[in-house]
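Secondary and tertiary structure notes
Take a look at the letters that make up each chain.
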Amino acid sequence: MARAAISTAPLSRLHSPTPSFSQIPHAQSQLRIRQQRKPLTVASALPQVADLPALSLPAAAAAAAALAAAVSLSDPERRRKAQAEAVGGGDKEAVRAYFNSTGFERWRKIYGSATDDVNRVQLDIREGHAQTVAATLAMLRDAPDVPLAGATVCDAGCGTGSLSIPLASAGASVLASDISAAMVSEAQRQAQLAQAGAGSPEFRMPRFEVRDLESLDGSYDIVVCLDVLIHYPREEAQKMIRHLASLAEKRLVISFAPKTIYFDLLKRVGELFPGPSKATRAYLHSEKDIEEALRAAGWRVKNRGFISTQFYFAKLYEAVPVSGSSS
């Protein structure tokens, strides 16, 4: 499940296809992927100061009050509570309900390849998520101690299979799980199409399961969790990281939306316009909190990446166990 930052800048180019596994460049210890676009300038969209009528003190006060009211109405905590109450539970129940209904339709379009009825924001998010998948594959391919062919991988929060399918094409034995039954069904359908058109004998059909992160069990060479932590607050996210680390033997790869003043401001602006099918339950996480959760589980960050488009941003961590790691 991928999530978006909110901006008002135009998209300068359409989505380019996700590169095949063999085309992905080697990962670096500090990987940064950023789309180059014309900088956003708010001033250019505004009238000149000379064209604006002067505001009296009462009018200025009224405008300030209106803005404060709008920000208050956009209070994410109020909406999160309302969403949770509507489905009779907490964050997990709200996420499950969302991605089995309007959220599924929205993100299936974003994760897909068609351009009909897909707006510029969705195309940009698609591009950002595709870059995160490509960066993850590059990190895993460059791990000499864990060859993907034959490796056991848990793709926790598989969405529509955008990572599970290329991992299966590389010969990995993949458990693809998601909290949403609709997402799992779509991922399985996409995998069947990929298998039918696969030219590689290495393709191994993933095992698909409808499960939340906390209920996952077993042991895997690699555990991956992309674009999921944004749906959960700090304490829940840290528990999830520790649980995922307990399932992994050699690699743990996670992505999260970083908590900075700039990104937090973008998120709050976006929450002013939630929309009927937009995921507004967005939690940003500090790098310090993520790394503390990894250390508590006995893991450390080996490689870092940062993916940023106009409407999508994510930190990508590749972690290894502290014990037995030499680099």
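It should be emphasised that the depicted structure is a prediction, and the values quoted were computed from it without experimental measurement.

Once that is clear, we can look at the overall build of the chain. Broken down by element type, the chain carries ten helices and eight strands. Here the chain holds 327 residues, and 48% of them are scored as buried. Total accessible area computed for the chain in this model is approximately 15,600 Å², and 57% of it derives from carbon and sulfur atoms.

What follows covers the environment of alanine 176. Tracing the chain through its elements places alanine 176 in strand S3 (residues 173-178). When sequence neighbours within four positions are dropped, the list of residues in contact with alanine 176 reads Asp155, Cys158, Ser164, Pro206, Arg207, Phe208 and Glu209.

So, about the packing of helix H4 (residues 102-111) against helix H7 (residues 181-197). Viewed as axis vectors pointing N to C, H4 and H7 meet at an angle of 30 degrees, and their least axial separation amounts to 10 Å. Judged on the interaxial angle alone, H7 and H4 are roughly parallel. When you trace H4 past H7, the crossing you get is right-handed. Taking contact as the criterion, the partners of Phe104, Trp107, Arg108 and Tyr111 in H4 are, on H7, Ala182, Met183 and Glu186.

Further remarks concern the packing of aromatic side chains. Tallying each qualifying case throughout the model produces three aromatic pairs. On the basis of an interplanar angle of 85 degrees and a centroid distance of 4.8 Å, the ring pair of tyrosine 98 and phenylalanine 99 is categorised as edge-to-face. Under the relative-accessibility criterion, tyrosine 98 is labelled buried at 14%. For phenylalanine 99, a relative accessible area of 0% corresponds to the buried category. Judged by centre distance (5.1 Å) and plane angle (80 degrees), the ring pair of phenylalanine 256 and tyrosine 317 falls under edge-to-face. Residue phenylalanine 256 is found in strand S6 (residues 248-256), and its partner tyrosine 317 is found in strand S8 (residues 313-321); the two are separated by 61 residues along the sequence.

Turning our eyes to something else, we now look at the pairing of strand S2 (residues 152-156). In terms of burial, S2 is a largely internal element, four of the five residues being buried. The sheet contact formed by S2 and S3 spans five bridges and is parallel. Counted as the bridge partner of valine 153 is valine 174 from S3. Strand direction decides the pairing type here: S2 and strand S5 (residues 220-225), joined by three bridges, are parallel. Counterpart to cysteine 154 in the pairing with S5 is valine 223.

Thresholds, definitions, all that
By convention here, each chain's residues receive numbers from 1 onward along its written sequence. Selection of residues for local features in this predicted model requires a pLDDT of at least 70, selection of side-chain atom pairs for listing and counting requires 80 or more, and totals for whole chains, interfaces and linings are taken over all residues. Side-chain figures throughout are based on the complete set of non-hydrogen atoms in the structure, without hydrogens or water. The helix and strand labels rest on DSSP assignments: H or I over at least four residues marks a helix, E over at least two residues marks a strand, and numbering proceeds from the N terminus. Relative accessible area decides the class of each residue, using a 1.4 Å probe on protein chains only: under 20% of the type maximum gives buried, over 50% gives exposed, and in between gives partly exposed. Here the Shrake-Rupley method, with its probe set to 1.4 Å, supplies the accessible areas, and only the displayed protein chains count as covering residues. Residue contacts are defined here by distance: any two heavy atoms, one from each residue, within 4.5 Å place the two residues in contact. Comment: axis = line fitted to C-alpha atoms, over the contacting stretch for helices; angle = value between 0 and 180 degrees taken between N-to-C directions. Oblique is the label for every angle not falling under 35 degrees (roughly parallel), over 145 degrees (roughly antiparallel), or within 65 to 115 degrees (roughly perpendicular). If you view the pair so one helix is near and one far, a crossing is left-handed when the near helix is turned anticlockwise from the far one by less than a right angle, and right-handed when it is turned clockwise. A pair of Phe, Tyr and Trp rings is counted when the ring centres sit within 6.5 Å of each other, with Trp represented by its six-membered ring. The angle between the planes then sorts it: under 30 degrees is stacked, over 60 is edge-to-face, the rest tilted. Paired strands are those between which DSSP finds at least two bridges.

Purely geometric numbers; function is a separate question.
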